[in-house]
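One letter stands for each residue in the lines below.
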Amino acid sequence: MSKEGTPEIATSGVGLRVVVIVASWHRELTDALLAGSERALAAAEVASVEIVRVPGTFELSVAAARVARSRSAPDAIVALGVVVRGGTPHFEYVCQAATDGLNRVALETGIPVGFGVLTCDTVEQARDRAGLPGSSEDKGAEAAEAAIATVVALEKYRK
């Protein structure tokens, strides 16, 4: 089970600005990820949360890059999406592009990017991780918590 070894992250987000970028494919699941992310950000008392919707998981990287390089760049970005394996290599291409692209945004801009992209074999696996009632995990909340915790951990190194 992937939940094994999960750290307890209790961090204050007071004064932080966060942009949550959400893919629209698998809307029920991405809406649940978004709800979990919003709950975590509210619990951390994040000052400002802005939501940006994009068509799919592939578009998360370009949206994150634009947001991170804007004049009003946030303290952190949370990227949320769902990719379910099908019968073609499309799954691998989208998952790899999203992973590499979001990592590159974080590395090139220094803005933490919470990775809340579910890459599952089945819709049932995604439902179990999306934070829906009965889900065993809430990856939207975890991604938001990780982004905030990273901002706080790196605060003393800010230019």
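Residues numbered from 1 in each chain as written. Predicted model: local features only at pLDDT ≥ 70, side-chain atom pairs only at ≥ 80, totals over all residues. Heavy atoms only, no water.

### Overview of unusual backbone geometry
Part 1 of the argument: If you check the backbone angles, His26 has positive phi at about 55 degrees while not being a glycine.
Part 2 of the argument: Given the relative accessible area of 30%, His26 is considered partly exposed.
Part 3 of the argument: Look at Glu45: it is not a glycine, yet its phi comes out positive at around 60 degrees.
Part 4 of the argument: Note on placement: Glu45 falls in the loop between helix H1 (27-43) and strand S2 (48-54). (Buried < 20%, exposed > 50% of the residue type's maximum accessible area, 1.4 Å probe, protein only. Helix = DSSP H or I, 4+ residues; strand = E, 2+ residues; numbered from the N terminus.)

### Describing the sheet that holds strand S3 (residues 76-84)
Part 1 of the argument: Spatially, S2-S1-S3-S4 is the arrangement adopted by the four strands of the open sheet, whose pairing is parallel. The open sheet has two edge strands, S2 and strand S4 (113-120), and neither has a second partner. Between one strand axis and the next, the sheet turns by 15 degrees as a mean value, whatever way the strands run.
Part 2 of the argument: Where helix H2 (residues 60-68) meets the sheet, it contacts strand S1 (17-23), S2, S3 and S4, and its direction lies at approximately 160 degrees from that of S1. (Pairing = 2+ DSSP bridges. Axes fitted to C-alpha atoms, helices over the stretch in contact; angles between N-to-C directions. Contact = heavy atoms within 4.5 Å.)

### Regarding the packing of H2 against helix H3 (residues 90-109)
Part 1 of the argument: Between H2 and H3, the shortest axis-to-axis distance is 8 Å and the interhelical angle comes to 10 degrees. In terms of axis orientation, H2 runs roughly parallel to H3. Where H2 approaches H3, its residues Leu60, Ser61, Ala64, Ala65 and Ala68 are matched on the opposing element by Ala97, Ala98, Gly101, Leu102, Val105 and Thr109.
Part 2 of the argument: When its residues are assigned to classes, the contact of H2 with H3 shows eight nonpolar, three polar and no charged. (Parallel < 35°, antiparallel > 145°, perpendicular 65-115°, else oblique. Nonpolar A, V, L, I, M, F, W, Y, C, P; charged D, E, K, R; others polar.)

### Looking at the UniProt feature "binding site: 5-amino-6-(D-ribitylamino)uracil" (unreviewed entry) in the protein
Part 1 of the argument: Here, the residues flagged by UniProt with the feature "binding site: 5-amino-6-(D-ribitylamino)uracil" (unreviewed entry) are Trp25, Thr57, Phe58, Glu59, Val82, Val83, Val84 and Phe115. When the annotated set is filtered for residues lining the second largest pocket, what remains is Trp25, Thr57, Phe58, Glu59, Val82, Val83 and Val84.
Part 2 of the argument: Looking at where Thr57 falls in the secondary structure, it is placed in the loop between S2 and H2.
Part 3 of the argument: Residue classification places Thr57 among the buried positions, given a relative accessible area of 5%.
Part 4 of the argument: In this fold, Phe115 is placed in strand S4.
Part 5 of the argument: The exposure class of Phe115 is partly exposed, given its relative accessible area of 40%. (UniProt positions renumbered as here; feature names shortened; annotations may be inferred. 1 Å grid on protein atoms, 1.4 Å probe; cavity = no way out; pocket = protein on both sides within 12 Å on 5 of 7 lines; lining within 4 Å.)

### Notes on the UniProt feature "binding site: (2S)-2-hydroxy-3-oxobutyl phosphate" (unreviewed entry) in the protein
Part 1 of the argument: With numbering matched to this structure, UniProt assigns "binding site: (2S)-2-hydroxy-3-oxobutyl phosphate" (unreviewed entry) to Gly87, Thr88 and Arg129. The greatest C-alpha distance among the residues just named is 23.1 Å, and with 43 residues of sequence between them they are spread in space as well. Lining the second largest pocket, from the set of annotated residues above, are Thr88.
Part 2 of the argument: On the secondary structure map, Gly87 appears in the loop between S3 and H3.

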